[in-house]
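Each chain, written out:
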There are 2 protein chains.
Amino acid sequence: MLRTHTCGELRLSHVNQIVTLTGWVQRLRDKGSLLWIDLRDRYGITQLILEEGSTNAALMAAAKNLGREFVIKATGEVKERMSKNDKMPTGDIEIKVTELIVLNAAKTPPFTIEDETDGGDELRMKYRYLDLRRTPVRESLMLRHKMAQQTRIYLDSLNFTEVETPVLIKSTPEGARDFVVPSRVHHGEFYALPQSPQTFKQLLMVSGFDRYYQIVKCFRDEDLRADRQPEFTQIDCEMAFITQEDILSTFEGLIRHLFKAVKGIDLPSVPRMTYDDAMKYYGSDKPDTRFEMKFVSLKTPLLDKEGSGVVDLTSGKNFVVFDNAELVVGICAKGCAEYTRKQLDELTEFVKRPQIGAKGLVYVQCKADGSFKSSVDKFYTTDDLKKWAEAFNAQPGDLLLIMAGETDSTRKQLNELRLLMGEKLGLRDKNKFSALWVLDFPLLEWNEETNRYHAMHHPFTSPKPEDIPLLETDPGKVRANAYDMVLNGSEIGGGSIRIHDRATQQMMFNHLGFTPEEAKKQFGFLMEAFEYGAPPHGGIAFGFDRLCALFGGSDSIRDYIAFPKNNAGRDMMIDTPSTISEEQLKELGIQVRN
Amino acid sequence: MLRTHTCGELRLSHVNQIVTLTGWVQRLRDKGSLLWIDLRDRYGITQLILEEGSTNAALMAAAKNLGREFVIKATGEVKERMSKNDKMPTGDIEIKVTELIVLNAAKTPPFTIEDETDGGDELRMKYRYLDLRRTPVRESLMLRHKMAQQTRIYLDSLNFTEVETPVLIKSTPEGARDFVVPSRVHHGEFYALPQSPQTFKQLLMVSGFDRYYQIVKCFRDEDLRADRQPEFTQIDCEMAFITQEDILSTFEGLIRHLFKAVKGIDLPSVPRMTYDDAMKYYGSDKPDTRFEMKFVSLKTPLLDKEGSGVVDLTSGKNFVVFDNAELVVGICAKGCAEYTRKQLDELTEFVKRPQIGAKGLVYVQCKADGSFKSSVDKFYTTDDLKKWAEAFNAQPGDLLLIMAGETDSTRKQLNELRLLMGEKLGLRDKNKFSALWVLDFPLLEWNEETNRYHAMHHPFTSPKPEDIPLLETDPGKVRANAYDMVLNGSEIGGGSIRIHDRATQQMMFNHLGFTPEEAKKQFGFLMEAFEYGAPPHGGIAFGFDRLCALFGGSDSIRDYIAFPKNNAGRDMMIDTPSTISEEQLKELGIQVRN
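What counts as what
Residues numbered from 1 in each chain as written. Chains lettered and ligands numbered in written order. Predicted model: local features only at pLDDT ≥ 70, side-chain atom pairs only at ≥ 80, totals over all residues. Heavy atoms only, no water. Least-squares fit on C-alpha atoms with pLDDT ≥ 70 in both. Contact = heavy atoms within 4.5 Å. Disulfide = S-S within 2.5 Å. Buried area = accessible area lost by both parts, 1.4 Å probe. Salt bridge = Lys/Arg side-chain N within 4 Å of Asp/Glu carboxyl O. Helix = DSSP H or I, 4+ residues; strand = E, 2+ residues; numbered from the N terminus. Nonpolar A, V, L, I, M, F, W, Y, C, P; charged D, E, K, R; others polar. Pairing = 2+ DSSP bridges. Expected span 1.5 Å × (residues − 1). Buried < 20%, exposed > 50% of the residue type's maximum accessible area, 1.4 Å probe, protein only. Polar contact = N/O pair within 3.5 Å; in protein donor to acceptor, adjacent residues only side chain to side chain. Arc of directions from axis to C-beta. Axes fitted to C-alpha atoms, helices over the stretch in contact; angles between N-to-C directions. Parallel < 35°, antiparallel > 145°, perpendicular 65-115°, else oblique. Left-handed = near helix turned anticlockwise from the far one by under 90°.

### Regarding the relation of the copies chain A and chain B
Working step 1: Laying chain A over chain B is done by rotating through 180 degrees and shifting 0.0 Å along the axis; what remains is an RMSD of 0.1 Å. Seen this way, the second copy is the image of the first under a two-fold rotation axis.
Working step 2: When the interface residues of chain A are mapped onto chain B, 100% of them again lie at the interface, so the same face is used by both copies.

In structure tokens:
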């Protein structure tokens, strides 16, 4: 090594040793007769000192010419510092430099390499290799490294085998768009990049691998949002001879292990909620359970409870909006009764934004003196409002926020408002963690565009046996053996117990609108595999980028990816995608359309 | 779990316990009143027993209907066996079955699921999920899993950080052909799949990551041979602030760790040899050093030693072939003096095959009585031959095999003969391991097709500083700071110390025939990065598939890949590459050429 020590390891115990350090010049402080250099590497920062008189004059002069981010090698004696810096691990010592070699000069970086930088997003993406020098970015990737290590340690300890599945696979129209790769050898034919190793991991179960995992790149050619990348990483797992309960306990174990090993946090055992309840109480299949603020219904649709347990505290008072609504539902914002007119208007504007699309918002202020003030005072008496407040278990000082309309859309709208109120009330602390299992997802969801049912999870998910008859009569009501793990309101993982027999799989494909020929062409190998002794199996996949971001307390997965792409799917640093030569296109048997 | 135990764990200590096992029916032995079932899972095989009289009659009848590879769940009591089988870990016990559930039936597999199968290559590829059930195939993948685990354990312990580099990168014409991925968002533009994460790992060094590794998929669109796959896996590593010596010792450490941890073998420290010596003594840059049989020159080219140490034991005896040859060189095959005429002819035929292309082969049999018999008896006296034998340090009973011609091609031809003789003499034992570092590779190699020099390793490899002047005068003689690790005659890894300054990198691109514009378009980001403080750095990449195959004692990397492609780059199981829809092509802005 060009160095004897890193910039993070010298302590008082090293005093008097002659050491050689290498690294980047973080900062120069030139006091004329004294020159300090903060030398940085991945492991820390160490202070170098040169002093007029005792330091060779030529060396002193050379050192004064160093610039930020120069790469140097410095040799000298470890000295105890006069004024120690207890904020840095090496703060007790400094190096009295006797030799200094510039290993590489550096131009002035386009932005400052500091924890807080002046570089804009685009500039930092273009010079990602400089952005990666900044401590917070480096630490994000070190966190990711630790997460991967600990994931493997946990799964290895449970006899999971890591198996690499292929990247050049087959394009299938179900699901998101595939990235494809033209075959040079077979003109007109294409490989596809996997959206997940789903069928391969199932085949590994058919092979008897029993427990499989892989931390694996997956690809989805979808229009990107801030938190989506065309290539992303999954912790992909599958187990055979299990029940859903085994999957839940094994992977709850993984998350709790990660919290303990990476963050030193004892995550309590993960509570469970059905999809139906998640929608009913949070209007979302990924509720943020860091805070309560559950939905309370003032008027429930008749169908919801098949007649029993129906609530209606709103009808018959001439308030047409509520009278016409299928559902009247709200949240109780603790201590917000004194919200001003302006604040209340802002909330109304928020839910009326086109992205949310609500028609309006009804509020009830539960005043400290026990009175109520509401936007529907003309329709409801104090007694009425008191009943509402009781339903919400509201206390004086609380604010009820109530929405009405068609059940599903109203719940979704109220979910957005709930999250906003959680934010406003400081209930969404990034350093607090709340995980949840959401169970019993619907098997199918209706797609307006294609005018047919699509698999909500994927076509290999097994329906609950007791719901199979509904496939013919009311497909949307069929529940699947499918589950998601939610952390702080983000879906971090999802999976299902799979179909493992040909007949059921064929039936599923039928219901999804595949002709037998299409099913055979695309998934014939899997259905055939099910005929040669397929064990019951199921699995889960975690979104590793998001998981790392949540562990790091960040909203952006990009910070946790070494070389991310921008929102247009472009790598700004290497400038790709880019054109290729006509010769390459010819060899591949393709051409660009005009 | 559907089971209480695996099929590999029950012992005498479990006797009298009621257990439930799941797995595949490996074999049924039906003796009428007694029925044995060998039940298999990944962990082992356990014998089930059913007995007329004591077993419920319906159960007995049902069990008799089981077929091979049925998936069952069996409950019963663990009993001590009457006749134990000490060849299997569970051979002391059997399960007296009281309940048996068929979890899934199985059709008769297209080949037998046994260690030795009757299935041909193609059939086994099509039904890879069944092939993977066979113990040797499963064990190959378990070995791979262990290799990956132990690689990470070793590198993690040395502070290497695992960083994922992107899969959707930029196509560059240098090197092998890229697989490309059309961009839907940017019509006419393409991503490429990485042949290696080379530039990214170098950028990570510029970023200060200091020590990087990744077990990573790479892609090369080349015509396939038996031991090549379009997608393959590398252990990819890079270190900063190092000398070549640090790389050699760190990664020699990795290989020795793997041998110890995975195979319990203490590999001795890895010897080193220059590229020039490897060519001189073995005619190969990847010599199989499990056996000696070094080349001995009877006539060396004058240039080879610049006049000193020149050997010539062949000229002036009217044997035109040797007189006209630049090099006369041979090997000594111990104990082969008594090879028959037929055997000797076969060797001559072997070297004259077009793949090898030699003109002929001269032999000298060193007879037990001290006499010589040779194919060039007419030209050389016994004294001459005695001198040859001395040069070879041959003993009575040995056979000298000598070839002549132009230096490079003769060495290559003799290398093939040496490997054949090693094979014939049983010196290439798959359970013996010999590693070697080959150092100081040439920087450039001449390419007849393109009529220019290409980088032998890649364009980022640094030339030896003392050889830089030769770049102008004799580029082929410039040595690089490049090294390969060789195991049993296979290259398992290679790397180099990299260029880390813009000027040298620009000069290299010039010498490789890049115009400044081409260099900038393709690698501008890297050259720019070198201006912002790039540390000295270098690295290595190991071919993980091959490494696993060698550890497993196999010639075929395919056995160590879960879902390999065939020689035409086709996945026979999922049947890909395959056509995609016109709609997909349209969206991607491409069309298939006629």
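Moving on from the model shown.
### Considering the state of the cysteines
Working step 1: All told, the structure shown has 0 disulfides over all chains when counted by the stated rule.
Working step 2: We note that C237 of chain A lacks a disulfide partner, and the nearest cysteine sulfur, in C218 of chain A, lies 12 Å from it.

### Things to note about the interface of chain A and chain B
Working step 1: Taken together, the contact pairs 126 residues of chain A with 126 residues of chain B.
Working step 2: Buried area between chain A and chain B, both sides added, is near 11200 Å², and the carbon and sulfur share of it is 56%.
Working step 3: The largest share of the area that chain A buries against chain B comes from F241, Y532 and R593 of chain A, three residues that together contribute 8% of it.
Working step 4: For the pair chain A and chain B, the number of links is 18 salt bridges.
Working step 5: With a closest N to O distance of 2.8 Å, E582 of chain A and R593 of chain B form a salt bridge.
Working step 6: At 9 residues, the largest contribution of residues to the side of chain A that touches chain B is made by helix 4 (residues 135–157) of chain A.
Working step 7: A per-class count over the side of chain A that touches chain B returns 63 nonpolar, 26 polar and 37 charged.
Working step 8: When strand 23 (residues 590–592) of chain A meets strand 23 (residues 590–592) of chain B, the two strands line up antiparallel, connected through 3 bridges. From the neighbouring strand, Q591 of chain A faces strand 23 of chain B, where its bridge partner is Q591 of chain B.

### Some words on the environment of E390 of chain B
Working step 1: Of note, E390 of chain B is situated in helix 10 (residues 382–392).
Working step 2: Taking the C-alpha atoms as reference, E390 of chain B lies 41 Å from L254 of chain B; in sequence the two are 136 residues apart.

### Some remarks on helix 11 (residues 407–424) of chain A
All names here are of chain A.
Working step 1: In a regular helix each residue adds 1.5 Å, so 18 residues correspond to 26 Å; helix 11 covers 26 Å between its end C-alpha atoms and thus fits that length.
Working step 2: All buried positions along helix 11 are accounted for by T407, T410, R411, Q413, L414, N415, L417, R418, L419, M421 and G422.
Working step 3: Among the structural elements, helix 7 (275–282), strand 13 (327–333), helix 9 (341–352) and strand 16 (399–405) are those in contact with the buried residues of helix 11.
Working step 4: The opening residue of helix 11 is E406, an N-cap whose side-chain oxygen sits 3.2 Å from the backbone nitrogen of D408.
Working step 5: Directly after helix 11, the chain includes G426, whose backbone phi takes a positive value near 70 degrees.

### Quick word on the side chain of S207 of chain B
Working step 1: Relative to the elements of secondary structure, S207 of chain B occurs in the loop between helix 5 (198–206) and strand 9 (211–219).
Working step 2: A distance of 2.8 Å separates a polar side-chain atom of S207 of chain B from the backbone oxygen of Y129 of chain A.
Working step 3: Leaving out residues up to four positions away in the same chain, S207 of chain B has contacts with Y129, L132 and R133 of chain A.

### Remarks on the environment of A368 of chain B
Residues and elements named next belong to chain B.
Working step 1: With respect to the secondary-structure elements, A368 resides in the loop between strand 14 (362–366) and strand 15 (372–374).
Working step 2: Sequence separation between A368 and Q343 is 25 residues; the distance between their C-alpha atoms is 18 Å.
Working step 3: Setting aside its immediate chain neighbours within four residues, A368 contacts P396 and G397.

### A few points about unusual backbone geometry
For residues other than glycine, phi is negative in most cases, and the peptide bonds are mostly trans.
Working step 1: Residue P577 of chain A follows T576 of chain A across a cis peptide bond; omega there is 5 degrees.
Working step 2: For P577 of chain A, the position within the fold is in the loop between helix 15 (544–551) and helix 16 (582–588).
Working step 3: We note that D210 of chain A has phi near 70 degrees; this positive angle belongs to a residue other than glycine.
Working step 4: Overall, the relative accessible area of 2% leaves D210 of chain A in the buried class.
Working step 5: Of note, N16 of chain B is a non-glycine position whose phi angle comes to about 85 degrees, a positive value.
Working step 6: Inspection of the secondary structure assignment puts N16 of chain B in the segment before strand 1 (18–30).

### Re helix 9 (residues 341–352) of chain B
All names here are of chain B.
Working step 1: Along its 12 residues, helix 9 runs 16 Å from first to last C-alpha, staying within 8% of the 16 Å computed at 1.5 Å per residue.
Working step 2: Those residues of helix 9 that fall on the buried side of the exposure criterion are L344, L347, T348, F350 and V351. The buried side chains of helix 9 occupy one side of the element, clustering within an arc of 155 degrees when seen end-on. In helix 9, the exposed positions that point more than 90 degrees away from the buried face belong to R341, K342 and E349.

### Things to note about the pattern of salt bridges
Working step 1: Scanning all chains against the criterion turns up 94 salt bridges over all chains.
Working step 2: For D575 of chain A, the salt bridge is made with R570 of chain A, and the minimal N-O distance between the two is 3.1 Å.
Working step 3: For R570 of chain A, a relative accessible area of 15% corresponds to the buried category.
Working step 4: Between K84 of chain B and E80 of chain B there is a salt bridge whose closest N-O contact spans 2.7 Å.
Working step 5: Salt bridges here are not isolated pairs; linked through shared partners, they connect D121, R124, R128, D131, R134 and R558 of chain A.

### Things to note about the packing of helix 9 of chain B against helix 11 (residues 407–424) of chain B
For any two helices packed against each other, one specifies the inter-axial angle together with the distance between the axes.
Residue and element names in this part refer to chain B.
Working step 1: It is at 10 Å that the axes of helix 9 and helix 11 come closest, and there the two elements cross at 140 degrees. The angle between the axes of helix 9 and helix 11 places the two elements in the oblique class. Helix 11 is crossed by helix 9, and the crossing has right-handed handedness. Contacts from L347, F350 and V351 in helix 9 reach E416, L417, L420, M421 and K424 in helix 11.
Working step 2: Broken down by class, the residue content of the contact of helix 9 with helix 11 amounts to 6 nonpolar, no polar and 2 charged.

Bear in mind that shape data such as this cannot, by itself, settle questions of function.
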